[in-house]
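Listed here are the chains, written in short residue letters.
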Amino acid sequence: MIRMVAVRLALTLPILLGVSIVAFVLMRALPGDFAQASAGTTAISAEALDTIRRNLGLDQPVWQQYLVWLDGALTGDLGRSFATRQPVTGELLPRLTVTAELTLIAGLMALTMGACTGLASARLRGTTDWAVRGLNSLLLAVPNFVVATLIVLLAGLYFPTVGIFNYVAFASDPLGNIASLLLPALSLALTVSVTISENTRAAVLEVSSQDYVMVARAKGLRAWTILGNYLVRNALTPVITVTGLQLAALLGGSILIETIFTIPGMGQYLFDSIANRDYPAIQAIVLVAATIVLLMNVVVDIAYARVDARVSYD
Amino acid sequence: MDDPRALLQVRDLTAQFNRDGVPSRVVNGISFDIAPGEAVGFVGESGCGKSVTARAIMRLAPEGSSVAWGGRILFRGRDLLRIEEREMRDMRGRRIAMVFQDPMTSLNPVMTVGAQIDDMLCRHAGLSRRAARRRTVELLGLVGIRDPALRADDHPHQFSGGMRQRVLIAIAVSCQPDLLIADEPTTALDVTVQAQILRLLMRLGRELGMALMLITHDFGVIAGMVERVYVMHGGDIVESGEVDALFAGPQHPYTRALLAAVPRIETAGRTT
Ligand SMILES: Nc1ncnc2c1ncn2[C@@H]1O[C@H](COP(=O)(O)OP(=O)(O)OP(=O)(O)O)[C@@H](O)[C@H]1O
Ligand SMILES: [Mg+2]
């Protein structure tokens, strides 16, 4: 088990290297660069643009720029933002915690809603099943930014006194901070909860028809024991998988949601950085996001082994 | 008809599945008796309704299908088809236990083998966790698992098919039921293991004074194991009687066909 974790962690390094190369090249393949983007519509002489590029090292070949970046990254220095001239790490960290918190709250919401509706759907069948599946199809058809926009509209229309754009920093008011993230987290969680719900439902249905559940019933066990120890524990593995995979979807969704709700997180930072062609910032965000997703996969694998004794990594 | 000695009296039992709104009857009003401590065989080809009959006694419908039962199933005077679900749940495992056909899929893969006997003992015998575990280890020893204290903490995938069936038998007899229903308990097993499992069932039946309802599609399995046999065909009991009498002079053509299908070695072994 410990060896498996060590191996998996070691494997993330070459993957991160690949991700960083792809991101580096793709960014530079985008039309325009920081010099042009910062100039905006004002007319600036070609020489002035060239000076900016030279100062940022953008005049050198891409592979050389990459090696310079990699050299710094290996020692933990992700460079300075083109736009603010501040170290990227210092700018990213506070935003990362905000996004992590938003994603965590949204993940917990999605897991709770998805698992409960999926379980109810599979066990109760009938109208409950019908209602849950109907709602799921509806939510699946509506993208989360539409849900977010609707929430903003409805809240603004019916509860104008509730400030939905008032992001509160955790340090100044922890409870207020969590409260201010609830609506954004909800709009982020809804689509993901559908996937978890459908997968939970399928998993529980699949397990319900297994022989060992019939044996459990033949043992005269109480309904709750059967539900907990026989149905849920066996349905857990596929549910853990989708939940882990959906984390990437949550991270991606948070970019839009943060922009809509003006939350100062990583998503908004990425949005601004791309608009500015702020290469070091984009590079750092991509790297951090990839690291989170990779680590989450390792966590999912550990969870498997804890839930199911048949899974062994030796 | 109303033999006061009978443990189980089944009268005009019918079972009807609902297939997409179309009712289809798979058990057509069968009647039989099982006396306390008696070993009775049920023989019949695949699909003749043996499992449905067995599950009717446990009042268990397969997940996701609706089945309607008719008639009466009197167990120590109580009609199992009419008692409350609560009372029935107390009966299952405690008074009537069942061993199923496929040991490979009948154990919960994520629980240890011991825990799957413990939960039964905690439920019906009201034992504490520690007392239950002590009894579990005894039971595993009783069904012939070596190093029972150690193996109790293993998961099912660490057991062979034969050993898993032994575990399932340990689960079934753990609360000393009055009736043990074994639904083709050896069909999924190796030929060499089959005889061991059958001998184990017979021995436990004698030692614990349990009545045994042994279901099979193979007359060879029944021979020498049970006193009486019911022959089922297409949802009916077509013939019944003492094993020896049936072997000597089968009345129904279907019984004759079944007997003809028994491998020679089995019959030869029985007569010598
Ligand atoms: N869940 C179900 N839904 C509909 N029909 C069923 C269901 N289970 C069993 N049947 C039908 O009931 C009949 C009897 O089935 P049963 O399982 O009792 O046969 P069996 O005698 O136990 O056969 P086998 O030796 O193969 O176990 C079969 O015709 C089968 O198709
Ligand atoms: Mg059967």
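Given the structure is predicted, the values throughout are model-derived calculations rather than measurements.

About the cut-offs
Residues numbered from 1 in each chain as written. Chains lettered and ligands numbered in written order. Predicted model: local features only at pLDDT ≥ 70, side-chain atom pairs only at ≥ 80, totals over all residues. Heavy atoms only, no water. Helix = DSSP H or I, 4+ residues; strand = E, 2+ residues; numbered from the N terminus. Rg over C-alpha atoms; globule rule 2.2 N^0.38 Å. Buried < 20%, exposed > 50% of the residue type's maximum accessible area, 1.4 Å probe, protein only. Axes fitted to C-alpha atoms, helices over the stretch in contact; angles between N-to-C directions. Parallel < 35°, antiparallel > 145°, perpendicular 65-115°, else oblique. Left-handed = near helix turned anticlockwise from the far one by under 90°. Contact = heavy atoms within 4.5 Å. Polar contact = N/O pair within 3.5 Å; in protein donor to acceptor, adjacent residues only side chain to side chain. Pairing = 2+ DSSP bridges. Buried area = accessible area lost by both parts, 1.4 Å probe. Salt bridge = Lys/Arg side-chain N within 4 Å of Asp/Glu carboxyl O. Phe/Tyr/Trp six-rings, centres within 6.5 Å; stacked < 30°, edge-to-face > 60°. Lys NZ or Arg CZ within 6 Å of the ring centre and 35° of its normal. UniProt positions renumbered as here; feature names shortened; annotations may be inferred. Near = heavy atom within 4 Å. Areas by Shrake-Rupley, 256 points an atom, 1.4 Å probe, with all protein chains shown as cover. Nonpolar A, V, L, I, M, F, W, Y, C, P; charged D, E, K, R; others polar.

With respect to the overall build of chain B
Looking only at helices and strands, chain B features 11 helices and 10 strands. Since a compact globule built from 272 residues should have a radius of gyration of about 19 Å, the 19 Å found for chain B is in line with a globular shape. Based on the C-alpha atoms only, the size of chain B along its principal axes is roughly 55 × 50 × 40 Å. For chain B, the proportion of its 272 residues judged to be buried stands at 54%.

Examining the packing of helix α3 (residues 113-124) of chain B against helix α4 (residues 129-142) of chain B
All names here are of chain B. Relative to each other, α3 and α4 sit at 120°, their axes nearing to 9 Å. As summarised for this structure, α3 and α4 are arranged oblique, according to the angle between their axes. Every pair of crossing elements has a handedness; the one defined by α3 and α4 is right-handed. Mapping the contact onto sequence places Val113, Gly114, Ala115, Ile117, Asp118, Leu121 and Cys122 in α3 and Ala132, Arg133, Arg135, Thr136, Leu139 and Leu140 in α4.

Quick word on the side chain of Asn108(B)
Tracing the backbone through its elements, the reader meets Asn108(B) in the loop between β6 (96-99) and α3. Polar contacts involving the side chain of Asn108(B) include one to the main-chain carbonyl oxygen of Asn229(A), which spans 2.9 Å. A distance of 2.7 Å separates the side chain of Asn108(B) from the side chain of Asn234(A), its partner in a polar contact. Not counting the four nearest positions on each side in its chain, Asn108(B) is found in contact with Tyr212(A), Asn229(A), Tyr230(A), Asn234(A), Gln116(B) and Pro156(B).

Looking at the pairing of strand β10 (residues 236-242) of chain B
In the sheet, strand β9 (residues 228-233) of chain B pairs with β10(B) via 6 bridges, with the strands oriented antiparallel. Looking at the pairing, Arg228(B) lines up with Glu242(B) of β10(B).

Here we look at the interface of chain B and chain A
Of the residues lining the interface, 27 residues belong to chain B; the matching set on chain A comes to 21 residues. In this assembly, chain B packs against chain A so that about 2,300 Å² is buried in total across both faces, 59% of it on carbon and sulfur atoms. Two residues, Arg123(A) and Glu63(B), come together in a salt bridge whose shortest N-O distance is 3.4 Å. Inspection of the chain B/chain A interface yields 13 residue pairs in polar contact (both at pLDDT 80 or more). Only α1 (50-58), α3 and α6 (161-173) of chain B provide two or more residues apiece to the side of chain B that touches chain A.

A closer look at the sheet that holds β6(B)
All names here are of chain B. The strand order across the open sheet formed by 6 strands is β6-β7-β8-β3-β9-β10, and the pairing between neighbours is mixed. For this open sheet the edge positions go to β6 and β10, each flanked by a neighbour on one side alone. In this sheet, neighbouring strand axes are inclined to one another by 20° on average, regardless of whether the strands run parallel or antiparallel. As defined by bridge partners, strand β3 (residues 39-43) adjoins strand β8 (residues 211-216) across 5 bridges and the pair is classed as parallel. Pairing of Ala39 across the sheet is with Leu212, part of β8. The sheet strands contacting helix α7 (residues 191-208) are β3, β7 (179-183) and β8, and the helix crosses β8 at an angle near 155°. Across the sheet, helix α10 (residues 253-260) is in contact with β3, β9 and β10; its angle to β9 comes to roughly 105°.

Let's talk about the packing of aromatic side chains
Each aromatic ring pair is characterised by the separation of its centres together with the angle its planes make. Per the counting criterion, the structure on display carries 9 aromatic pairs over all chains. Ring plane angle 45° and centroid distance 6.3 Å describe the contact between Phe24(A) and Trp69(A), whose orientation is recorded as tilted. Here Phe24(A), found in helix α1 (residues 2-29), pairs with Trp69(A), found in helix α4 (residues 62-74); they are 45 residues apart in sequence, far enough to count as distant. The same class applies to Phe24(A) and to Trp69(A), which are both buried. A ring pair is formed by Phe32(B) and Tyr230(B), whose centres lie 5.6 Å apart and whose planes are at 55°; its orientation type is tilted. Taken as a pair, Phe32(B) in strand β2 (residues 22-34) and Tyr230(B) in strand β9 lie far apart in primary sequence, 198 residues in all. For the pair Phe32(B) and Tyr230(B), a shared accessibility class is recorded, and that class is buried. Members of the aromatic cluster, each reached through a chain of ring pairs, are Phe24(A), Tyr66(A) and Trp69(A). The ring of Phe159(B) is capped by Arg151(B), whose NZ or CZ atom sits 4.5 Å from the centre of that ring.

Regarding the sheet that holds β2(B)
Residue and element names in this part refer to chain B. Taken in spatial order, the 4 strands of this open sheet run β2-β1-β4-β5, and their pairing is antiparallel. Each having just a single partner strand, β2 and β5 (78-79) make up the two edges of the open sheet. The pairing of strand β1 (residues 8-19) with β2 spans 10 bridges and is classified as antiparallel. Along β2, the bridge assignment pairs Val10 with Phe32. α1 rests against β1, β2 and β4 (67-75) of the sheet, and its axis sits at about 70° to β2.

As for the UniProt feature "domain: ABC transporter" (unreviewed entry) in chain B
UniProt's feature table lists "domain: ABC transporter" (unreviewed entry) at residues 8-259 of chain B, given in the numbering used throughout. Annotated as residues 8-259 of chain B, this span is 37% helix and 27% strand, and its ends, taken at the C-alpha atoms, are 27 Å apart.

Re the site of ligand 1
All names here are of chain B. Surveying the vicinity of ligand 1 reveals 15 residues, the closest of which are Ser46, Gly47, Ser51, Val52 and Glu184. Here Arg19 contributes a side-chain N or O atom positioned 3.0 Å from a nitrogen atom of ligand 1. Look at ligand 1: alone it shows 630 Å² of surface, and the protein chains cover 71% of it. Those elements that provide at least two residues to the shell around ligand 1 are β1 and α1. When residues of the shell around ligand 1 are assigned to their parent elements, the largest contribution, 3 residues, is made by α1. Broken down by class, the residue content of the shell around ligand 1 amounts to 5 nonpolar, 6 polar and 4 charged.

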